[in-house]
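Take a look at the letters that make up each chain.
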Amino acid sequence: MKCSSEEATCKTEVAAKHHFREEIPGIVDRLVASCNKEGCFDHVSAEPIPLREAVVDILRRAGRILYPGYYIPTRLDEVNVGYYLGQEMTTLFETLAHQITLAIRHDCIRHNLSCSHCDEQGQKLAVEFLRTLPDLRAMLAKDIRAAYEGDPAAKGFDEIIFSYPGLFAITVYRIAHGLHGMEVPLIPRIMSEYAHSKTGIDIHPGAEIGESFFIDHGTGVVIGETTVIGERVRIYQGVTLGALSLSREECVALRQTKRHPTIEDDVILYANATVLGGDTVIGARSVIGGNVWITHAIMADTEVFLEKQHLVFGEKRSKELSHKQKAFGKGAKP
């Protein structure tokens, strides 16, 4: 019995697919061989490292604890709030302790350190972090009030908690900053870069930021590792609190020194202002205008603005006039 033309075509395609699949083992062998070569990065080890998805889950659980009732589909009231928080705290403890353990163990193996009893250390640091949550809630409440008082478009606190990217970025920062202060490896940066990817706001967990902090709009904000920000500071989109550009050798030498500016209490930095350098201090109650570039200290109670730009105004030509000129020549009357 002869095969139909369709059957013959199918057999040809199956054979071709099998031919291409035969190349996969060779490619795999080359990838395996590349794992131990200098210049390639991998983690091929019997010991796992922190899982990014688990770290994001930690942030979500912490958010449900810090803002009870906002991020759950069920009702929360006086009857079940204790049970709810107990369940969330227990799961948060277990997940956080495990991820901290993995991070510490990874650092020990990578740097060939002596045993740090990472399981016990992971649980100890997780509990230590949980103890900070009541104070962290109080700090975030001040950030929410600062957002409400600083933005006339805000209709209420619920709107800020649900929808303001600045508050989300600040919440993640304050969680990550707490873990960073406990010298937990890797996890704080995973957290801060997750917030960066979601909001466009890049806050290094090592930065020191005081209470009642407000980021309006937020997209493009950068706050470097050694930045120090006082209380009641307000910044707008595109603000950069960064370091001066350095050579590779200078980067190595200055990795542990202050490279980013200090912003004192009650300062306002408007959109796209750039403040650079570890010796740069913006004095208290100063106002820094939009698009300003600053690399030196500014005294307290100072306003810094660019001179008003020279704008050019011209007569707008209609499309109809433009078409007629093309048809009859530049000198033709409409």
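The preceding data block contains the structure.
Residues numbered from 1 in each chain as written. Predicted model: local features only at pLDDT ≥ 70, side-chain atom pairs only at ≥ 80, totals over all residues. Heavy atoms only, no water.

S.K.: Explain the overall build of the protein chain to me, please; I cannot follow it from the model alone.
M.R.: Along the backbone of the protein chain there are eleven helices and 14 strands. Counting the 334 residues in the protein chain, one finds 38% classified as buried. The long-range share in the protein chain, meaning contacts at least 24 apart out of those at least 6 apart in sequence, stands at 47%. Here the protein chain displays about 21,100 Å² of accessible surface, and carbon together with sulfur accounts for 55% of that area. (Helix = DSSP H or I, 4+ residues; strand = E, 2+ residues; numbered from the N terminus. Buried < 20%, exposed > 50% of the residue type's maximum accessible area, 1.4 Å probe, protein only. Contact = heavy atoms within 4.5 Å. Areas by Shrake-Rupley, 256 points an atom, 1.4 Å probe, with all protein chains shown as cover.)

S.K.: Is there a simple way to explain the sheet that holds strand β3 (residues 214–216) in this structure?
M.R.: Taken together, five strands build an open sheet; the order of strands is β3-β6-β9-β12-β14 and the sheet is parallel. Edge positions in the sheet fall to β3 and β14 (303–304), since each has one partner strand and no second. (Pairing = 2+ DSSP bridges.)

S.K.: Just checking my understanding: could you explain the packing of aromatic side chains for this structure?
M.R.: The relation between two aromatic rings is expressed through the spacing of the ring centres and the mutual angle of the planes. Under the criterion given, the structure shown has six aromatic pairs. Ring plane angle 70° and centroid distance 5.3 Å describe the contact between tyrosine 70 and phenylalanine 162, whose orientation is recorded as edge-to-face. Taken together, the residues span a long stretch of sequence, with tyrosine 70 in the loop between α3 (52–66) and α4 (81–110) and phenylalanine 162 in helix α7 (residues 157–163) at a distance of 92 residues. A relative accessible area of 25% means that tyrosine 70 is categorised as partly exposed. What links up through ring pairs into an aromatic cluster is the set Tyr67, Tyr70, Tyr71 and Phe162. (Phe/Tyr/Trp six-rings, centres within 6.5 Å; stacked < 30°, edge-to-face > 60°.)

S.K.: It is not clear to me how the sheet that holds strand β10 (residues 274–276) should be interpreted in this structure. Could you clarify?
M.R.: Strands pair in a sheet through their backbones, by hydrogen bonds, and they do so in one of two ways: parallel or antiparallel. Here we have five strands laid out as an open sheet, ordered β1-β4-β7-β10-β13, and parallel in their pairing. Here the strands that pair on one side only, and so sit at the sheet edges, are β1 (202–203) and β13 (293–294). Relative to strand β7 (residues 240–242), strand β4 (residues 222–223) runs parallel, the two being bridged by two bridges. Residue pairing across strands places isoleucine 223 opposite leucine 241, the latter belonging to β7.

S.K.: Sorry if this is basic, but what is going on with the packing of α3 against helix α8 (residues 165–181) here?
M.R.: Between two packed helices, both the angle of their axes relative to each other and the distance between the axes serve to describe the pair. Contact geometry for α3 and α8: axes closest at 11 Å, N-to-C directions at 105°. Taken together, α3 and α8 sit at an angle that is classed as roughly perpendicular. Mapping the contact onto sequence places Leu59, Ala62 and Leu66 in α3 and Thr171, Val172 and Ile175 in α8. (Axes fitted to C-alpha atoms, helices over the stretch in contact; angles between N-to-C directions. Parallel < 35°, antiparallel > 145°, perpendicular 65-115°, else oblique.)

Honestly, that's just the spatial picture; any functional story needs more than this.
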